[in-house]
Amino acid sequence: MKDFRKLAVWEKSHRLTMGIYRITQSFPKEENYGLTSQIRRASASIPTNIAEGCGRSTDVELARFCEIAMGSASEFEYQLFLASELTYTDPATYGMFEQDIVEIKRMLSALIIKLRRNKLNADRG
């Protein structure tokens, strides 16, 4: 079991989620059960899956939950794009969150590769 709070990717995705909750407060009220709910759920799913994976007993399980987090990151990335296209966010805000999600996806990818290597090395040793 790992402490999810010690993972930089968890910290970055948690901060992203906090930011999304703040900016979506200004989304139109008719989006409360639509895009607002979806983008919040997708962003929160990223650190949630990382945390859940850390609670599992093996690196293989953690890698699987990181893959699920990667899917949520891609879902979030589209919803962020949609919010921008609908002009619910300004270009600067969109750019900041887009940059963050790209970095989170890179970090997740690197972590998944590391966890898989650990498994291969353990199998060989």
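If you're wondering where the values come from, they're calculated on a predicted model, not measured in any experiment.

Caption draft 1: How the structure looks around the overall build of the chain. Within the chain one finds four helices and zero strands. Secondary structure elements of the chain occur, N-terminal to C-terminal, as α-α-α-α. Viewed in the frame of its principal axes, the chain has a C-alpha envelope of about 55 × 20 × 20 Å. In the chain, which comprises 125 residues, the proportion classed as buried is 42%. Sequence separation of 24 or more characterises 75% of the internal contacts of the chain that already satisfy a separation of 6 or more. Carbon and sulfur atoms form 53% of the exposed surface of the chain, whose accessible area is close to 7,300 Å². Counting 18 positive and 16 negative side-chain charges, the chain places the averaged centre of each group 7 Å from the other.

Caption draft 2: Summary view of the environment of Leu-62. Looking at where Leu-62 falls in the secondary structure, it is placed in helix H3 (residues 59–85). Residue Leu-62 is classed as buried on the basis of its relative accessible area, which comes to 2%. Separated by 13 residues in sequence, Leu-62 and Asn-49 place their C-alpha atoms 8.8 Å apart. Leu-62 has contacts with Lys-2, Ile-50, Gly-53, Cys-54 and Leu-115, leaving out every residue within four places of it along the chain.

Caption draft 3: Seen up close, the side chain of Thr-89. Residue placement: Thr-89 occurs in the loop between H3 and helix H4 (91–124). What Thr-89 contacts, discounting residues up to four positions off in sequence, is Ile-23, Phe-27, Ala-83, Ser-84 and Tyr-94.

Caption draft 4: The arrangement of unusual backbone geometry in detail. Located in the positive-phi region is Thr-87, a residue other than glycine, with phi close to 60°. Within the secondary structure layout, Thr-87 lies in the loop between H3 and H4. Note on Thr-87: relative accessible area 65%, which makes it exposed.

Caption draft 5: Structural context of the nonpolar core. If you look at the biggest cluster of nonpolar residues, it comprises 31 residues, and the most contacted ones within it are Ile-46, Ile-50, Phe-76 and Leu-108. When residues of this core are assigned to their parent elements, the largest contribution, nine residues, is made by H3. Sequence-distant contacts of Ile-46, defined by excluding residues within four places in its chain, comprise Ser-13, Leu-16, Ala-69, Ser-72, Ala-73, Ile-101, Ile-104 and Leu-108.

About the cut-offs
- Residues numbered from 1 in each chain as written.
- Predicted model: local features only at pLDDT ≥ 70, side-chain atom pairs only at ≥ 80, totals over all residues.
- Heavy atoms only, no water.
- Helix = DSSP H or I, 4+ residues; strand = E, 2+ residues; numbered from the N terminus.
- Buried < 20%, exposed > 50% of the residue type's maximum accessible area, 1.4 Å probe, protein only.
- Contact = heavy atoms within 4.5 Å.
- Areas by Shrake-Rupley, 256 points an atom, 1.4 Å probe, with all protein chains shown as cover.
- Lys, Arg positive; Asp, Glu negative; His and termini not counted.
- Charge placed at Lys NZ, Arg CZ, Asp CG, Glu CD.
- Core = buried A, V, L, I, M, F, W, Y, C linked by side-chain atoms within 4.5 Å.

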